[in-house]
Amino acid sequence: MSLSVNEGVDVKGLVDKVLEAYPDKSRKRRAKHLNVLEAEAKDCGVKSNIKSIPGVMTIRGCAYAGSKGVVWGPIKDMIHISHGPVGCGYYSWSGRRNYYVGDTGVDSWGTMHFTTDFQEKDIVFGGDKKLHQAIAEINDLFPLVNGISIQSECPIGLIGDDIEAVARAKAEELGKPVVPVRCEGFRGVSQSLGHHIANDVIRDWIFEKTEPKEGFVSTPYDVTIIGDYNIGGDAWASRILLEEIGLRVIAQWSGDGTLAELENTPKAKVNLIHCYRSMNYIARHMEEKFGIPWMEYNFFGPSQIAESLRKIAALFDDKIKENAEKVIAKYQPMVDAVIAKYKPRLEGKKVMIYVGGLRPRHVVDAYHDLGMEIVGTGYEFAHNDDYQRTPHYVKEGTLIYDDVTAFELEKFVEAIRPDLVASGIKEKYVFQKMGLPFRQMHSWDYSGPYHGYDGFAIFARDMDLAINNPVWGIMKAPF
Amino acid sequence: MSHPVSQSADKVIDHFTLFRQPEYKELFERKKTEFEYGHSDEEVARVSAWTKTEEYKEKNFAREAIVINPTKACQPIGAMFAAQGFEGTLPFVHGSQGCVAYYRTHLTRHFKEPNSAVSSSMTEDAAVFGGLNNMIDGLANAYSLYKPKMIAVLTTCMAEVIGDDLSGFINNAKNKESVPQDFPVPFAHTPAFVGSHIVGYDNMIKGVLTYFWGTSENFDTPKNETINLIPGFDGYAVGNNRELKRIAGLFGIEMTILSDVSDNFDTPADGEYRMYDGGTPLEATKQAVHAKATISMQEYCTPQSLQFIKEKGQQVAKFNYPLGVAATDELLLKLAELSGKAVPAELKLERGRLVDAIADSHTHLHGKRFAVYGDPDFCLGMSKFLMELGAEPVHILSTSGSKKWEKQVQKVLDASPFGKSGKAYGGKDLWHLRSLLFTDTVDYIIGNSYGKYLERDTKIPLIRLTYPIFDRHHHHRYPTWGYQGALNVLVRILDRIFEDMDANTNIVGETDYSFDLVR
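Residues numbered from 1 in each chain as written. Chains lettered and ligands numbered in written order. Predicted model: local features only at pLDDT ≥ 70, side-chain atom pairs only at ≥ 80, totals over all residues. Heavy atoms only, no water.

(A) Representation of the overall build of chain B within the structure. When helices and strands are tallied, chain B shows 21 helices and 14 strands. Against the compact-globule benchmark of 24 Å for 519 residues, chain B has a radius of gyration of 25 Å, which places it among compact chains. Overall, the C-alpha framework of chain B stretches about 75 × 60 × 55 Å when taken along its three principal axes. Taken across its 519 residues, chain B has 62% of its residues classed as buried. (Helix = DSSP H or I, 4+ residues; strand = E, 2+ residues; numbered from the N terminus. Rg over C-alpha atoms; globule rule 2.2 N^0.38 Å. Buried < 20%, exposed > 50% of the residue type's maximum accessible area, 1.4 Å probe, protein only.)

(B) The pattern of salt bridges, seen in detail. Scanning the model with the defined rule gives 68 salt bridges over all chains in all. Arg 203 of chain A serves as the salt-bridge partner of Asp 200 of chain A, at 3.4 Å between the closest nitrogen and oxygen. You can see Asp 200 of chain A and its partner Arg 203 of chain A sitting in helix α9 (residues 191-207), three residues apart, about one turn around the helix. Under the relative-accessibility criterion, Asp 200 of chain A is labelled partly exposed at 23%. By sharing partners, the salt bridges in this structure join Lys 76, Asp 256 and Glu 261 of chain A together with Lys 31 and Glu 36 of chain B into a single network. (Salt bridge = Lys/Arg side-chain N within 4 Å of Asp/Glu carboxyl O.)

(C) Inspection of unusual backbone geometry at higher detail. Residues and elements named next belong to chain A. For the bond running from Trp 253 to Ser 254, omega is -15°, close enough to zero to count as cis. Within the secondary structure, Ser 254 is located in strand β7 (residues 248-254). The step from Gly 448 to Pro 449 runs through a cis peptide bond, and the omega angle for that step is 0°. Along the polypeptide, Pro 449 turns up in the loop between β14 (438-440) and α20 (452-467). Of note in the backbone geometry, Asn 49 takes a positive phi value of approximately 55° without being a glycine. With respect to the helices and strands, the residue Asn 49 is situated in the loop between β1 (34-36) and α3 (63-72).

(D) The sheet that holds strand β5 (residues 178-181) of chain A, seen in detail. A sheet is described by the order of its strands in space; here five strands give the open sequence β5(A)-β4(A)-β2(A)-β3(A)-β1(B), paired in mixed fashion. The open sheet has two free edges, formed respectively by β5 of chain A together with β1 (67-68) of chain B, since each of these has just one partner strand. Each of β2 (78-83), β4 (147-152) and β5 of chain A is contacted by helix α8 (residues 163-174) of chain A, which is oriented at about 170° to β5 of chain A, the strand it contacts most. (Pairing = 2+ DSSP bridges. Contact = heavy atoms within 4.5 Å. Axes fitted to C-alpha atoms, helices over the stretch in contact; angles between N-to-C directions.)

(E) Structural view of the UniProt feature "domain: Nitrogenase/oxidoreductase component" (unreviewed entry) in chain A. Per the UniProt record, "domain: Nitrogenase/oxidoreductase component" (unreviewed entry) is annotated on residues 62-465 of chain A. For residues 62-465 of chain A, the end-to-end C-alpha separation is 33 Å, with 48% helix and 14% strand making up the annotated structure. (UniProt positions renumbered as here; feature names shortened; annotations may be inferred.)

(F) Region of the structure containing the pairing of strand β11 (residues 392-398) of chain B. All names here are of chain B. Taking burial as the measure, the seven residues of β11 include seven buried ones, the bulk of the element. Bridge count for strand β10 (residues 369-373) against β11 is five bridges, and the pairing is parallel. Looking at the pairing, Tyr 373 lines up with Leu 397 of β11. Between the parallel pair β10 and β11, the chain is carried across by helix α17 (residues 376-388), and the sense of this crossover is right-handed. One ladder, built from four bridges, connects β11 with strand β12 (residues 423-426); its direction is parallel. By the bridge assignment for β12, Leu 397 is matched with Tyr 425. In this fold, β11 hands off to helix α18 (residues 403-414), which returns the chain to β12; that crossover is right-handed. (Right-handed = clockwise from strand over helix to strand, strands pointing away.)

(G) Molecular detail of the UniProt feature "domain: Nitrogenase molybdenum-iron protein beta chain N-terminal" (unreviewed entry) in chain B. As annotated by UniProt and renumbered to match this structure, "domain: Nitrogenase molybdenum-iron protein beta chain N-terminal" (unreviewed entry) occupies residues 6-60 of chain B. With 65% helix and 0% strand, the stretch residues 6-60 of chain B has end C-alpha atoms that lie 44 Å from each other.

(H) Seen up close, the interface of chain B and chain A. At the interface, 104 residues of chain B touch 121 residues of chain A. Where chain B abuts chain A, roughly 9,600 Å² becomes buried across the two surfaces, and 63% of that area is made up of carbon and sulfur atoms. Our count for the contact surface shared by chain B and chain A stands at 11 salt bridges. With its nearest N and O atoms 2.3 Å apart, the salt bridge here joins Glu 243 of chain A to Arg 30 of chain B. Seen at the junction of chain B and chain A, the total is 49 residue pairs in polar contact (both at pLDDT 80 or more). Tallied by class, residues from the side of chain B that touches chain A come to 55 nonpolar, 26 polar and 23 charged. (Buried area = accessible area lost by both parts, 1.4 Å probe. Polar contact = N/O pair within 3.5 Å; in protein donor to acceptor, adjacent residues only side chain to side chain. Nonpolar A, V, L, I, M, F, W, Y, C, P; charged D, E, K, R; others polar.)

(I) The arrangement of the pairing of strand β8 (residues 293-296) of chain B in detail. Residue and element names in this part refer to chain B. Burial along β8 is two-sided: the face carrying Ala 293 and Ile 295 and the face carrying Thr 294 and Ser 296 are both buried. As defined by bridge partners, strand β6 (residues 227-230) adjoins β8 across four bridges and the pair is classed as parallel. Each residue of the ladder has a partner; that of Asn 228, found in β8, is Thr 294. Two strands pair when backbone bridges link them, and β8 and strand β9 (residues 315-318) are joined in this way by four bridges, in the parallel orientation. Counterpart to Thr 294 in the pairing with β9 is Val 316. What joins β8 to β9 is helix α14 (residues 303-310), and the crossover it makes is right-handed.

(J) Geometry of the packing of helix α1 (residues 11-19) of chain A against helix α18 (residues 406-416) of chain A. Residues and elements named next belong to chain A. Interhelical geometry of α1 versus α18 gives an angle of 140° and a closest axis separation of 10 Å. Overall, the two elements α1 and α18 adopt an arrangement that is oblique. Between α1 and α18 lies a crossing of right-handed hand. Between α1, through Leu 14, Val 15 and Val 18, and α18, the contact on the second element is made entirely by Phe 407, Glu 408, Lys 411, Phe 412, Ala 415 and Ile 416. (Parallel < 35°, antiparallel > 145°, perpendicular 65-115°, else oblique. Left-handed = near helix turned anticlockwise from the far one by under 90°.)

(K) Representation of the packing of helix α5 (residues 75-83) of chain B against helix α6 (residues 98-111) of chain B in the model. Residue and element names in this part refer to chain B. Two elements in contact, α5 and α6, have axes whose closest approach is 10 Å; the angle formed by their N-to-C orientations is 60°. Compared by their axis directions, α5 and α6 come out oblique. Classified by chirality, the crossing of α6 by α5 is right-handed. Residues Pro 76, Ile 77, Met 80 and Phe 81 of α5 touch α6, and the partners they reach there are Tyr 103, Arg 104, His 106, Leu 107 and Phe 111.

(L) Spatial organisation of the side chain of Thr 399 of chain B. All names here are of chain B. With respect to the helices and strands, Thr 399 occurs in the loop between β11 and α18. Side-chain polar atoms of Thr 399 contact the backbone oxygen of Lys 428, separated by 2.7 Å. Non-local contacts of Thr 399, meaning those with residues more than four positions away in its chain, are made with Pro 70, Thr 71, Lys 72, Gly 427, Lys 428 and Asp 429.

In structure tokens:
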């Protein structure tokens, strides 16, 4: 493969042309978020984590989505109240495919929607009383619930409710953690602040107020998976590898996770971070407070999986290191067969990525493993540190777009004509209608897992079925 | 912990089968017993059984503060849906930006179509100072980038709580030249803490009409022969609106559908992405004030709009999601009455064919008990149709349903011997319905995709017939209204009944004597 992409395409000119459509003020602001990656660059040369411009159709969500939808929602043995009007919880009900094992409605509540369904009187007189009652009713109807979180929607912070006081009182009364999360959607510029707030609440309302479980026996091999939401079973396909090399995964944050796992996390020897963006905060806190080191890893695609397994094993004794080699060797024939089958069908295909979290860089080498090229990538809600981590993965000439607008993405894709667009549900049908193969890279397009060796085979199959389906050839009528 | 590799390149296994392999089953067990600190299997089984009891139902129905699995969304998504039915219209949602991502996602997951709408992306500073600047910049950006013919403004609850004044803001933005002075920017205040998506729909229809028709009462507005029709919030809008247009065509009625999403939510895949397609032409919307009458297909989606239309001197007629023979008869007779034209012979033939189909299949429907949930109008229309088929609607539930609605449903039930077991539950949710299904069971559930959890828990088969349908494809492309639509609904119900029969009679040598070839 060549060392650069988009050769022969005037990508810089394309960016300038697309920007022309904006009014002056917005053009100047958007220009800072778009760039073409230069050789040897230390970062991507774009501004990030800045307010979206009004009226441009940003693809971003909000702090509530980052807290309820991403961090807290998957904790299966707690009930998460969407506190405020009915909509937020309704739209985020069961949408993210955070797989879990449990008896829903009895000891797990991941695919249910709980809301205080604010009415006008709650806005006028405040919702604290209603919240008190709601928590009491939940505890009555769901006696096996291990904890409750209050996920604030926009009005809560605007009407001056004291959800912390309610949480303290109810926690005392029920003898279970009740945690207030100030993740109102207007806070911050995207989902990202919601992740941060949710992390801070775990720090202040779980770590500070609860203890690791009595009788929990530590071993020298205890690790955690932090920042894996178990979409389509990702965390399971990762966990199995860590267990196979001889480690003990004492907690999953937060896909298929439980309150006890959160509570026991300070017992870990190492915190392993997959989605750095959404959970680096808690990892840094644990490093500071409990002296637990943390390490980023990447379980997308065999190259990165092997590298990560070796890096993880290097933190442990020779036995683990040997095991890592054995595990890599064990899966290699399956990986080789997958690559032998799919690479010839995918080699040289160009991909444009636009998603959030870690994926705009983390999935890149999985595509490379299949001989595919990334010609554009960008993040919904990245910070500078994400863009600093990105040049490691992508090549000179890659188009970089931060908080891309629907308009920009459409124009970029139209001009570059990649062979695959890897983005979200809101983008999917736009590009399919343009005749372009598409995969949703938030929900794995209802497939998955994509993590781990088992996931890589599925990833390869899915990219092939998207790109090589005959439907793209029948778009043009013969008349 | 060594195990063979289950995954293979020859036959790639994904989540459906991968996690059923022994190594994953063992992984689940280890995680559960060593790390989850959950409750014992016995305790879980005990509580699970308790949730299915009469005692639990009483507790469940005593709830006042927590709502669990409701059948309603919030106002803005309804307003957005209504706006998207007008030619070249871009909804502009004033408030926090995450809301818009949610509405677009929800509608996209149902229609499997792109859904375009923008946000004014208000954040903390706007919460303090108001969102005027967001409106000014936002309208300018939306107008420049997306070249709409109309921008319909609505609000999230954030903008409502801080009290942003849309009318003033839009004027202000026009004065700042965000959009030309004469560019249409209708608006609707759509607080999420009042009503639900059906109220938002009403508010936006009224907002658009107010923009084009003016606010003042004018009972003497000159009238022509056209008839307006407002479909309401409808997951089957693509199929239904086209069917309504076909029916109007057969009558020879010039009909204006006010908010017609059928083309916008069903654009072709031919290499070109159409951000806007079809919709009620803006000129037709303007002229619609001169129609002699307006028909609402969903009463609860249009109370304020109909009142407003009445004040322009039009006759109005309202239906409750008319499904089936009698309801379609009523609709057609109303069209005949308003237009002065006879019901076309072709429709009479279609009626006969529908009745023929019902007669052919009635044995499988008679006496079958149903739970029905969804929006208030859907519940009314569906219950009526079920009774027409000889089936019995038993639990009729709508979180958006009011006391008035409950009485209306009761009246419908009282009118038929097949309604004697029926009861309406307004303001209740799907967790209430779960209790009802366990304590007073039915044969089938009619609802939307969220009902699949009820189906899983109760093993009562679910028939998806209302928004949102995320996990089945393309049904929205087929009508449910008109005689043709009723036939589609009938077939959907029958298919599920027959599939259920086969699934319950397929054990070899044990139950398969009833595995009949001919049914």
